[in-house]
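Descriptive structure summary
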Amino acid sequence: MQQASSSSITSGGWRVDRFVVGVAIVGLLLLGGLIWLETAPFLLVLFAIGALLGVALYHGAFGFTAGWRNLVVKHRGGGMRAQLLLFGLTAVLMVPILGSDQGDLIGAVAPVGTSLVVGSFMFGLGMQLGGGCGSGTLFTVGAGNLRMAVTLLFFIVGAVLGSLHLPWWLDQPGFDPVSLIDGLGIAGAIGIQLVALAGLWVWVDRRERRTHGHIERSELRLTGGEHGVLRTLVSGRWPFAWAILALALGNVMTLVVGGSPWGITFAFNLWGAKALQAVGVDMSQFEFWTWDYPAMALKDSVLVNITSVMNFGLLLGAMLAAGLANRFNEASRKRPEGRPFLAAVIGGLLLGYGARLGFGCNIGALFSGIGSASLHAWIWFVSAFLGSLIGIRLRPWFRLPN
């Protein structure tokens, strides 16, 4: 192995950014050590799961935003089909666990009403302007994307604003959470969701075939391609099938170890609220932060908050993956300026505010919601997709490519 530059090493054409890899490893070890010393061991397991999910998101390029946009603009459905496969597999794995549990595990089940519809619509709009969803924002920031760092900052701001207004939104028309498991049983909840996913699959296929005359099936590829399994696993673009398996199993492991499915955006609420508290703002004057769970999280260290710990792991896991692939900061080497910067600001605010009103992002509300057989996840899906359609139409004005 010979030195290729001051920051990278290469062997047989495989270059590694050793500085980024080193920073990521040191970060994982230091933060992992703090979690081990200060909290319960299960949080260290969740930190590791978060890191592995970050690797899978990065190498699988598994952002929901681009998949939706490719379907609308290019009429290519590979990304959307991969998401549908992910939702179906997760439901098959997770619903039996939740349905047979005696109360220790809590699914991602949320109310249905004005807050959900408005919030998810705003989120869908924001993800196209901001450039990513909750998980997409995190893993691209971990991989060094400067524009997405702006999105993340304003995502946090929007999430805190949403938390201040959420009690008012919950007073608007709506009804209590609906669990398909309670109404249909385990088999019924799985079955009706698989039927719905299959229907969407057929629609996506027809749309792609009508435009292109054929359907790409790259999401079903299982092999590592021309570079082999090992090299693809460490430094290449994963087949969608690999990412689907990793993300589904990661969510199930999160449920079993942490007691609830994978979520992303509550941590953004918490980080913003803690920052305000640190500069003297009394968050207890706001109703949301007097509720049991938010109040407890605000009082405790972020290292005992499951969502925060997993997000830290995800960021560092994505950084490690980008360094091993020598693609850190590849997507955005310049600071965003002008309209793209404005899009990141507006998109981040919409993402954060919408996530709080809509009870989560593509991970916590949609992915984990369908895995939990919650009705709200399907309404979130429809409303967010409609918001995304408008966001896609607005992207050219902000000088963002479609």
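Residues numbered from 1 in each chain as written. Predicted model: local features only at pLDDT ≥ 70, side-chain atom pairs only at ≥ 80, totals over all residues. Heavy atoms only, no water.

**Topic: the environment of Phe42**
Locating Phe42 in the fold gives a position in helix α2 (residues 41-59). Sequence separation of Phe42 and Arg69 is 27 residues, and the distance between their C-alpha atoms is 37 Å. Apart from the residues lying within four places of it in its own chain, the contact partners of Phe42 are Val257, Gly258 and Ile306. (Helix = DSSP H or I, 4+ residues; strand = E, 2+ residues; numbered from the N terminus. Contact = heavy atoms within 4.5 Å.)

**Notes on unusual backbone geometry**
Glycine aside, a negative phi is what most residues show, and trans is what most peptide bonds show. The backbone of His75 shows a phi angle near 60°, a positive value even though the residue is not glycine. Considering the arrangement of structural elements, one finds His75 in the loop between α3 (64-74) and α4 (78-100).

**A look at the nonpolar core**
Core analysis: the largest hydrophobic core is formed by 94 residues, its most contacted members being Phe62, Trp68, Phe87, Phe123, Leu247, Trp262 and Phe268. Sorting elements by how many residues they give to this core places helix α13 (residues 306-324) first, with eleven residues. Ignoring any residue separated from it by four or fewer positions in sequence, one finds Trp68 in contact with Met80, Gln83, Met127, Gln128, Asn362, Leu366, Trp380, Phe381, Ala384, Phe385, Ser388 and Ile392. Formed by twelve residues, the second largest nonpolar core is a distinct cluster that contains Leu98, Ile181, Ala189 and Leu255. (Core = buried A, V, L, I, M, F, W, Y, C linked by side-chain atoms within 4.5 Å. Buried < 20%, exposed > 50% of the residue type's maximum accessible area, 1.4 Å probe, protein only.)

**Focus: the environment of Leu28**
Mapped onto the elements of the fold, Leu28 is located in helix α1 (residues 18-38). When its relative accessible area of 18% is taken as the criterion, Leu28 is described as buried. Counting along the chain gives 277 residues from Leu28 to Asn305, while the straight-line C-alpha distance between them is 17 Å. Excluding anything up to four places from it in sequence, Leu28 contacts Phe47, Ala51, Leu316 and Leu320.

**A word on helix α15 (residues 362-371)**
Where burial is concerned, most of α15 is hidden: ten out of the ten residues are buried. What α15 keeps buried is the set Asn362, Ile363, Gly364, Ala365, Leu366, Phe367, Ser368, Gly369, Ile370 and Gly371.

**With respect to the side chain of Asn362**
Here Asn362 lies in helix α15. Contacts of Asn362, omitting those with residues within four sequence positions, involve Phe64, Trp68, Phe123, Met127, Cys133, Phe367 and Trp380.

Scope: geometric values only; no functional claims are made or implied.
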